[in-house]
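Here are the chains, one letter per residue:
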Amino acid sequence: MKVSELIRVINGKLINDGADLEREVKGGCGADLMSDVLASIQPEAVLLTGLCNPQVVRTAQMADVAAIVFVRGKNPPRETIELATQERIALITSPFGMFELCGRLYQAGLPSLERSVSDGPSDLE
Amino acid sequence: MTPTPPSKNVLINDQVAENITRTEELAYELRVNEVMTSSPKILSPEMIMRDVVEMFRKARISGAPVVQDENLVGIISMEDLIHCLCQSDLDAQASKYMTRNVLTVKGTDPVVEALKIFVSSKVGRLPVIDDQGRLIGILTKGDITRGLLKALQRDIQVEEIRKYRASHLFEDIESDRTSLILRYNIKPRDFTHGGAASSNIKRALLRLGASPQIARRCGIAVYEAEMNLIIHTLRGGVIRVEIEPNRISIEAYDDGPGIPDVELAMKPGYSTASEEIRELGFGAGMGLANIARCVDNMVIESVVDKGTRLKMRINLDKEESVGEGYSSRLDGGIS
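Residues numbered from 1 in each chain as written. Chains lettered and ligands numbered in written order. Predicted model: local features only at pLDDT ≥ 70, side-chain atom pairs only at ≥ 80, totals over all residues.

(A) Representation of the overall build of chain A within the structure. Broken down by element type, chain A carries five helices and five strands. Helices and strands appear in chain A in the N-to-C order α-β-β-α-β-α-β-α-β-α. When burial is assessed residue by residue, chain A has 47% of its 125 residues classed as buried. The long-range share in chain A, meaning contacts at least 24 apart out of those at least 6 apart in sequence, stands at 57%. (Helix = DSSP H or I, 4+ residues; strand = E, 2+ residues; numbered from the N terminus. Buried ≥ 20, exposed ≤ 12 C-beta atoms within 10 Å, placed from the backbone. Contact = placed C-beta atoms within 7 Å.)

(B) Here's a closer look at the overall build of chain B. Scanning chain B from N- to C-terminus turns up 13 helices and eleven strands. Per-residue burial for chain B yields a buried fraction of 33% across its 335 residues.

(C) The pairing of strand 3 (residues 71-77) of chain B, seen in detail. Residues and elements named next belong to chain B. As defined by bridge partners, strand 2 (residues 63-68) adjoins strand 3 across six bridges and the pair is classed as antiparallel. Its bridge partner lying in strand 3, valine 67 is registered against leucine 72. Linking strand 2 back to strand 3 in an antiparallel pair, the connection comprises two residues, with aspartate 69 at a positive phi of about 50°. (Pairing = 2+ DSSP bridges.)

(D) Looking closely at unusual backbone geometry. Each neighbour pair has its own omega, and for B:Gly256 with B:Pro257 the value is 15°, a cis peptide bond. Assignment of secondary structure puts B:Pro257 in the loop between strand 9 (247-254) and helix 11 (262-266). Phi is positive for A:Arg72, which is not a glycine, with a value near 55°. Locating A:Arg72 in the fold gives a position in the loop between strand 4 (67-70) and helix 4 (78-87).

(E) Spotlight on helix 9 (residues 196-207) of chain B. If you check helix 9 of chain B, its first and last C-alpha atoms are 17 Å apart, about what twelve residues at 1.5 Å a residue would give, namely 16 Å. Buried positions along helix 9 of chain B lie against helix 3 (54-62) of chain A together with strand 7 (180-186), helix 10 (212-232) and strand 8 (237-244) of chain B. At the exit of helix 9 of chain B stands B:Gly209, carrying a positive phi of roughly 100°. (Expected span 1.5 Å × (residues − 1).)

(F) Broad picture of the interface of chain B and chain A. With 30 residues of chain B in contact, the opposing surface of chain A contributes 25 residues. Going through the elements one at a time, helix 9, helix 10 and helix 13 (287-294) of chain B are the ones with two or more residues in the side of chain B that touches chain A. Ranked by residue count, the leading element in the side of chain B that touches chain A is helix 10 of chain B, at six residues. Among the residues making up the side of chain B that touches chain A, the classes are represented as twelve nonpolar, twelve polar and six charged. (Nonpolar A, V, L, I, M, F, W, Y, C, P; charged D, E, K, R; others polar.)

(G) Spotlight on the sheet that holds strand 6 (residues 135-140) of chain B. Residues and elements named next belong to chain B. Within the open sheet, the four strands sit side by side as 1-6-5-4. Their pairing is mixed. Edge positions in the sheet fall to strand 1 (37-38) and strand 4 (105-106), since each has one partner strand and no second. In this sheet, strand 6 lies alongside strand 5 (residues 125-129) in antiparallel orientation, the contact comprising five bridges. Bridging from a neighbouring strand, leucine 126 pairs with leucine 139 of strand 6.

(H) Spotlight on the nonpolar core. Residues A:Leu47, A:Val65, A:Ala67, A:Ile68, A:Val69, A:Ile89 and B:Ala221 are the most contacted members of the largest nonpolar core, which totals 81 residues. It is helix 10 of chain B that contributes the most residues to this core, twelve residues altogether. Aside from chain neighbours lying at most four places away, what touches A:Ile89 is A:Ala19, A:Val57, A:Ala60, A:Gln61, A:Val65, A:Ala67, A:Ile68 and A:Ala84. B:Ala27, B:Val32, B:Met36 and B:Ala114 belong to the second-largest nonpolar core, a separate cluster that totals 17 residues. (Core = buried A, V, L, I, M, F, W, Y, C linked by C-beta atoms within 7 Å.)

(I) Representation of the packing of helix 9 of chain B against helix 10 of chain B within the structure. Residues and elements named next belong to chain B. Look at helix 9 against helix 10: their axes get within 9 Å of each other, and the N-to-C directions meet at 160°. Judged by the angle between their axes, helix 9 and helix 10 are roughly antiparallel. Crossing handedness for the pair helix 9 and helix 10: right-handed. Here Ala197, Ser198, Ile201, Lys202, Leu205 and Leu206 of helix 9 come into contact with helix 10, specifically with Ile214, Ala215, Cys218, Gly219, Val222, Tyr223 and Glu226. (Axes fitted to C-alpha atoms, helices over the stretch in contact; angles between N-to-C directions. Parallel < 35°, antiparallel > 145°, perpendicular 65-115°, else oblique. Left-handed = near helix turned anticlockwise from the far one by under 90°.)

(J) Quick peek at the packing of helix 2 (residues 22-29) of chain B against helix 8 (residues 141-167) of chain B. Residue and element names in this part refer to chain B. It is the contact of helix 2 with helix 8, at a shortest axis distance of 10 Å, that shows an interaxial angle of 110°. Between helix 2 and helix 8, the angle is such that the two are roughly perpendicular. Relative to helix 8, helix 2 is oriented so that their crossing is right-handed. When helix 2 is examined against helix 8, the residues Arg22, Thr23 and Leu26 are found in contact with a partner set consisting of Leu148, Ala151, Leu152 and Asp155. Each residue belonging to the contact of helix 2 with helix 8 can be placed in one class, and the counts come to four nonpolar, one polar and two charged.

(K) Representation of the confidence of the model for chain B. Residue and element names in this part refer to chain B. A residue-level look at chain B finds 88% of positions with pLDDT of 70 or above and a mean pLDDT of 84. In this model, residues 1-9 is a region of pLDDT below 50 whose contacts with residues beyond four sequence positions or in other chains number ten contacts. Scored below 50 in pLDDT, residues 318-335 shows 38 contacts in the model against residues more than four places distant or in partner chains. Taken together, the chains of this predicted complex give a pTM of 0.63 and an interface ipTM of 0.84. (pLDDT = per-residue confidence, 0-100.)

(L) Examining the sheet that holds strand 11 (residues 307-315) of chain B more closely. Residue and element names in this part refer to chain B. Read from one edge of the open sheet, five strands run 7-8-9-11-10, paired in antiparallel fashion. Either end of the sheet is taken by a strand with one partner, and the two such strands are strand 7 and strand 10 (297-303). The mean angle between the axes of side-by-side strands here comes to 10°, regardless of whether they run parallel or antiparallel. Taken together, the seven bridges between strand 10 and strand 11 define a ladder with antiparallel strand orientation. By the bridge assignment, glutamate 301 is partnered in strand 11 with arginine 309. Sitting on the sheet, helix 9 touches strand 7 and strand 8, and the angle it makes with strand 7 is about 165°. Each of strand 7, strand 8, strand 9 and strand 11 touches helix 10; the most contacted strand, strand 9, lies at about 5° to it.

The structure is reproduced here in structure tokens:
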């Protein structure tokens, strides 16, 4: 699914400039803990989150996230928008909650790109 | 596509400048003569309108400048042609129906000047003239779009060249062991810039020819280490990345407060972070476990009140990348 199509599915609004809306989204991941995202997300996923600080964009950049969706109509602060514009990552806000967003995107055919974190090195368990 | 040129009395500060897109910049950088169509189809004032129609049809154009003795004297557009057809006057000369007061643009003008005219006048094409007023080309909105797209493409190529140069950095240097060392100073509690070092490191690795998988693993590991320095240290710390053709060695070190029980700190879910840190999405006790997952080798040395040194290594000659669940491209390693 392209980012532009995803925006339609979730009644979303694009917040920043400079991102490639033709970029292919291969699946989704929803989380508010950035360490969880870094541990579990696979490349080219859309990240659904309620967290709005610039670390969301940094996390997305490190983990090769295709687009970021802020849930429950949240709007990120200026620093977050500026960083996303600079790094060319699409920021989208949607009026729906996390639960409904996951449902809508899953129904539209997006698989989960969230991996279980319990398969890490066994000596750390 | 239409740029928003600054009004004359407003100074552009950094804040405004950050919001200018590359396309807008290009509209100021590119000159009209770089994007125009050179040697366009031209008409003479004596040309019969029937022949004008035929020429438009054959050349698949919807307008052309009228030139006499190298000087631009008018232009015929669709509107003029329709006017002529309504009068059933196809045997008339072009001079009878052409628009005489033609808006023009100079070849040396920046593209943004032409855009301004297109926006304010609704004309479809602009004859392009040189300093002596001679016609040198014609410019449509389509020419501008194509020109901007080509220029953006060139931007991408510049990055490619940069990448190519960097990826061959080690080739011509002879030594027993060559490496590139990057150092970043990390300030404590600087959440606004948190991740900037990791971002630069990831970009550097990609330019050096590392595969996206290697760059991603390295980026995630360094990012967690960087956030740890920001969250936990008293006076910040240093990230040092040593890049060699066959491995990347990363160290994150600080001078306090130190970790009392390293084994406990490594346990997923264990955290000493404050509620404030957790609200930022960090301090879930996953950081060190995440790092262990991304690197091939990891060592923590810590002494309370002295400091902590976290050493990480990623080998570039391995077929399988550890912990990421997919294999890295062999040919993608730094060459």
